[in-house]
Amino acid sequence: MPEHSILQRAHFEQLLGALKTRGYRVIGPTVRDGAIVYDDLNSTDDLPVGWTDEQEGGTYRLKRRGDAALFGYVVGPHSWKRFLHPPAVRLWQANRTGKNIQIEEEKHAAPKMAFLGVRACELHAISIQDKVFLGGSFVDPLYKARREGAFLVAVNCGQAGNTCFCASMNAGPKADFGFDLALTEIIEGSEHYFLAEAGTPLGEEILQELEHRPAENIEVEKAGSIHEKTAQQMGRTVDTTGIKDLLYANMEHPRWDDVASRCLACSNCTMVCPTCFCTTVEDVTDLKGDHAERWQKWDSCFTADFSYIHGGSVRSSTKSRYRQWMTHKLASWIDQFGSSGCVGCGRCITWCPVAIDLTEEVRVIRATDIRTKSMAKETDDGNTGTNPR
Amino acid sequence: MNLMPENEVMPAAPHPMAPLPFRVQRVRRETRDTFTLELQSANGAGRPSFLAGQFNMVYVFGAGEVPMSITGDPADQDTIIHTTRSVGMVSQAICKLKSGDMVGLRGPFGTPWPVEEAAGKDVVVVAGGIGLAPLRPVVYQLLADRAKFGKVVLIYGTRTPADILYQKELAKWRSRLDFRVAVTVDRAPAAWRGSVGVVTTLIPKVSFDPQRTVAMVCGPEVMMRFVARELEARGVEKNRIYISMERNMKCAVGFCGHCQLGPQFICKDGAVFRYDRIRPLLGIREL
């Protein structure tokens, strides 16, 4: 059993200090515009002290807690991909002189970022994006530098939200890998402290710099019961049994038409999803036309442009776009990267303006599984196919 | 996870999305809207070696970047050749390039045609329209090592005689006794003496042994499906038919997500696929 320490709330500021002393930019949850977002933290006071969130499909509200918890809420609209895989990245610049073009790759400082308050589902999401950008035959060096420079302070959730289902996705609520430090916040009467566990030598080193003491067994047990209680509180569940085959076999399920009648194709779900990684490129030039830049920007499979090839969009209907998103997330991701693309954070449910709930969509499809064999069906006759030419 | 605790400023490792400079050596107009570009490395690094069927991302300054299949001879160590039809903003810009202009290029990417696997077998190459471009490197390799293969057949269909690519080369190929070249057009003026009809109509007419044939097919998706069906009808097994797929592509390295077709990334799992592996996906509309 890994060693646990107790870090008093009164000494919590020392953690931010230790990270800053080491040159880290400390980023964590903070209240802005009525939501808990991730941004730079100057001190513990910037945390959402005493705030919690109430979430439902299409609903997000901040509420006061009855205590001064630092991490008494779940996840908001931001995820850490905002920092590891930012919404807009310049990849290179090019200059033209006469007939010559000089291409300059982006020189980048490997930023030292410390993420404070990374939830278990988010650790899973980060490891999923690692597979996309670091695990294949091509490596994204910009992502790699940001990732390697990151220090991860995980916080085990002390409560689950109404749209949470990490327990179904085996992605929480307790952080079990991928962190430098993991904390469980415990508040009992006038006592307010954190059970801390180091996950890496650097995490251990930083923990040693803070005022702390070894944890008693009873304290470790208390944290354990918090994790258990949270796991029991999940507002949503998904039965993932055979989910890949279920969705592959139900590509022509009438439910996709039903969801399309509600879906606005607004792309919110893909923007808030901590694993959605799709991007487009934008080429910009200056007015003289001698300087060009290539930017990589978040994109969404919900746009018509996303699948455009000469002649039209492959996925011209909202139905096909929702189906692409959900089957990618829950099914084809498994073929592509060896794990589900969903960590059960529930953001796509909360931030959907019309409260589409993928756990519900899966439930309905499972209950009315058509097993059309459409992935293996002989459909050459009378089907004009997907090619817009 | 701090794997590099002391890093401060790290020079960027080569980004797989950063192009290298290439110079246009020659531009040849193939048809009304189709052009062939010959490119040479402009930084002295030479051209990367490629396999028949692979593609490059070609960047035109200020206009953008598009995937283009490589259509030259893999044995030519010097030149990169691309043929493109002017259909979008970037390909229009590519078609306006002049010799001496510079472009950015990165690649090659994607899976190759199964030329090695075809050794000892009959080879049927079926191309529709500009689909001949990614198959031309295969023809070069088959002819360069002609004795290694059984019967070698090229079946090529275009819309009209004016859309036929590489006309001089086709004439040269046709004159060979060890290479059967069959061309057809969808419609033709009265002066056309060749076949008229869609490309599938030629498949029953050419001689090859379906039991020992490897087929490589490239053209519009619907054409490839009907060609594959015709080949199967003649007895060519699905697992010896290969097709080359096309989807929107922004990165070519599996980062951008645009080219997905079910679980496949066209850029890295394709563009060349064995037909039995991709066929189930082709029947699903708007996948």
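Since this is a predicted model, take the numbers as computed values, not measurements. Position labels on residues start from 1 in each chain and follow its written sequence. Chain A is the first chain written and ligand 1 is the first ligand written, with later ones labelled in order. Local features are withheld for residues below a pLDDT of 70 in this predicted model, meaning they are given only at 70 or higher, and side-chain atom pairs are given and counted only at 80 or more; totals for whole chains, interfaces and linings count all residues. The basis for every side-chain value is the complete set of heavy atoms in the structure, and neither hydrogens nor water enter the calculation.

The next point concerns the overall build of chain A. Helical segments are the DSSP runs of H or I of at least four residues, strand segments are the runs of E of at least two, and each set is numbered from the N terminus. Tallying secondary structure elements over chain A gives 12 helices and 17 strands in all. Each of the three principal axes of chain A carries a C-alpha extent, and together these read 70 × 65 × 35 Å. In chain A, buried positions account for 57% of the 389 residues. Accessible surface, chain A: about 15,400 Å² in total, of which carbon and sulfur atoms supply 49%. Charged residues are defined narrowly, with Lys and Arg counted positive, Asp and Glu counted negative, and His plus the chain ends left uncounted. A single reference atom marks each charge: NZ on Lys, CZ on Arg, CG on Asp, CD on Glu. In chain A, 44 positive and 52 negative side-chain charges are present, and the distance between their average locations comes to 5 Å. Type-normalised accessible area, obtained with a 1.4 Å probe on protein chains alone, sets the label of each residue: buried when under 20%, exposed when over 50%, and partly exposed for intermediate values. All accessibility values rest on the Shrake-Rupley procedure with a 1.4 Å probe; residue burial counts only the protein chains present in the view.

What follows concerns the interface of chain B and chain A. Each partner contributes to the interface: chain B provides 65 residues, whereas chain A provides 83 residues. Summed over both partners, buried area is the accessible surface (1.4 Å probe) that two parts give up on being assembled. Between chain B and chain A the total buried area reaches about 6,400 Å² when both faces are included, carbon and sulfur atoms providing 53% of it. Salt bridge criterion: a side-chain nitrogen from Lys or Arg within 4 Å of a carboxyl oxygen from Asp or Glu. Across the chain B-chain A interface, the total number found is two salt bridges. For Lys99(A), the salt bridge goes to Asp101(B), with nearest N and O atoms at 3.0 Å. Contacts described as polar in this section are N or O atom pairs within 3.5 Å, which, within protein, must combine one atom able to donate a hydrogen with one able to accept it, while residues neighboring in sequence count only if both atoms come from side chains. Here chain B is connected to chain A by 24 residue pairs in polar contact (both at pLDDT 80 or more). Note on residue categories: nonpolar means Ala, Val, Leu, Ile, Met, Phe, Trp, Tyr, Cys or Pro, charged means Asp, Glu, Lys or Arg, and polar means any other residue, Gly included. Split into classes, the residues belonging to the side of chain B that touches chain A amount to 35 nonpolar, 17 polar and 13 charged. Working rule for contacts: check all heavy atoms of both residues, and any pair within 4.5 Å makes them a contact.

Residues and elements named next belong to chain A. Should DSSP find at least two bridges between two strands, the strands are taken to pair. The antiparallel open sheet is built from four strands, whose spatial order is E7-E6-E15-E14. Looking at strand neighbours, the two that pair on one side only are strand E7 (100-105) and strand E14 (279-285), the edges of this open sheet. Pairwise comparison of adjacent strand axes, ignoring direction, gives a mean angle of 20 degrees for this sheet. Pairing of E14 with strand E15 (residues 291-298), which is carried by seven bridges, proceeds in the antiparallel orientation. Bridge pairing links Thr279 to Trp298 in E15. Here an axis means a line fitted to C-alpha atoms, over the contact stretch when the element is a helix, while the angle between two N-to-C directions is reported on a 0 to 180 degree scale.

This part takes up the pattern of salt bridges. Considering all chains together, one arrives at 45 salt bridges over all chains under this definition. Taking the shortest distance from any N to any O, the salt bridge between Glu360(A) and Arg363(A) comes out at 2.9 Å. Highlighted residues: Glu360(A) and Arg363(A), both in helix H12 (residues 358-367), separated by three residues, approximately one helical turn. Accessibility expressed as a relative area gives 32% for Glu360(A), which makes it partly exposed. When its relative accessible area of 38% is taken as the criterion, Arg363(A) is described as partly exposed. We note a salt bridge from Arg85(B) to Asp33(B), for which the minimum N-O separation is 3.8 Å.

Residue and element names in this part refer to chain B. What counts as a domain boundary in this text is fixed by an automatic or database domain assignment. In terms of domain boundaries, chain B breaks down into domain 1 (20-109) and domain 2 (122-244). One C-alpha centre belongs to domain 1, the other to domain 2; they are set 24 Å apart. Contact residues are listed per partner, giving 17 residues for domain 1 and 14 residues for domain 2. For the pair domain 1 and domain 2, the summed buried area comes to about 1,200 Å², and 56% of that belongs to carbon and sulfur atoms. At the junction of domain 1 with domain 2, the criterion picks out zero salt bridges. Taken together, the links from domain 1 to domain 2 amount to five residue pairs in polar contact (both at pLDDT 80 or more).

All names here are of chain A. Pairing is mixed across the open sheet formed by eight strands, whose spatial order is E3-E2-E9-E10-E11-E12-E1-E13. The open sheet is flanked by strand E3 (35-40) and strand E13 (213-214), the only strands paired with a single partner. Bridge count between strand E9 (residues 113-118) and strand E10 (residues 150-156): five bridges; the pairing is parallel. Each residue of the ladder has a partner; that of Phe115, found in E10, is Leu152.

The next point concerns the state of the cysteines. Residues and elements named next belong to chain A. Counting rule for disulfides: a pair of cysteine sulfur atoms within 2.5 Å. Applying the stated criterion across every chain yields a total of zero disulfides over all chains. Free cysteine: Cys276, not disulfide-bonded; nearest cysteine sulfur from Cys273 at 3.8 Å. Left without a disulfide partner, Cys301 is nearest to the cysteine sulfur of Cys278, which lies 6.0 Å away. Classification of Cys301 as buried rests on a relative accessible area of 9%.

All names here are of chain A. How far a helix is expected to stretch is found by multiplying one less than its residue total by 1.5 Å. Between the first and last C-alpha of helix H3 (residues 120-134) there are 21 Å, a value that for 15 residues agrees with the 21 Å anticipated at 1.5 Å per step. Of all the 15 residues making up H3, 12 are buried; the element is thus mostly covered by neighbouring parts of the structure. For H3, every residue scored as buried is listed here: Ala120, Cys121, Glu122, Leu123, His124, Ala125, Ile126, Ile128, Gln129, Asp130, Val132 and Phe133.

All right, on to the pairing of strand E10 (residues 180-185) of chain B then. Residue and element names in this part refer to chain B. With five of its six residues buried, E10 lies for the most part within the structure. Pairing geometry for strand E9 (residues 152-158) and E10, over six bridges, is parallel. Across the sheet, Ile155 pairs through a bridge with Ala182, a residue of E10. Handedness of the crossover is the feature at issue here: the chain leaves E9, passes through helix H3 (residues 167-174), returns alongside E10, and the resulting connection is right-handed. A crossover gets the label right-handed when its path from the first strand over the helix to the second runs clockwise, viewed with the strands pointing away from the viewer.

Ring pairs (aromatic) are described by centroid distance and by the angle formed between their planes. When the centres of two rings from Phe, Tyr and Trp lie within 6.5 Å, Trp using its six-membered ring, the rings pair. Their planes under 30 degrees apart give stacked, over 60 give edge-to-face, and anything left gives tilted. Scanning the entire structure with this criterion turns up 25 aromatic pairs over all chains. An aromatic cluster of at least three residues, connected via ring pairs, comprises Phe133(A), Tyr143(A), Phe277(A), Trp333(A), Phe337(A), Phe255(B) and Phe265(B). A cation over an aromatic ring shows up here: Arg64(A) above the ring of Trp51(A), its NZ or CZ 4.0 Å from the ring centre. In our convention, an over-ring charge means Lys NZ or Arg CZ found within 6 Å of a ring centre and within 35 degrees of that ring's normal. Seen from the ring of Trp298(A), Lys81(A) lies directly overhead, with NZ or CZ sitting 4.6 Å from the centre.

Quick look at H3(B) now. All names here are of chain B. Taken together, the buried positions of H3 are Glu169, Leu170 and Trp173. Projected down its long axis, H3 shows its buried positions confined to an angular sector of 100 degrees, all on one face. Exposed and oriented more than 90 degrees from the buried face of H3 are Lys168 and Lys172. Our arc is simply the arc of the directions from the helix axis toward the C-beta atoms.

With that settled, consider the domain arrangement of chain A. Residues and elements named next belong to chain A. Domain assignment breaks chain A into domain 1 (4-232) and domain 2 (243-367). The gap between the C-alpha centroids of domain 1 and domain 2 is 25 Å. Contacts between domain 1 and domain 2 engage 42 residues on the former and 39 residues on the latter. Broken down residue by residue, the surface that domain 1 buries against domain 2 is led by Lys81, Ile128 and Phe165, which jointly contribute 17%. Run the count over domain 1 and domain 2 and you get three salt bridges. Residues Glu122 and Arg347 are paired through a salt bridge, measuring 2.5 Å at the closest nitrogen-oxygen approach. Contributions of two or more residues to the side of domain 1 that touches domain 2 are made by strand E4 (51-56), strand E5 (59-64), helix H2 (81-84), strand E6 (88-97) and H3.

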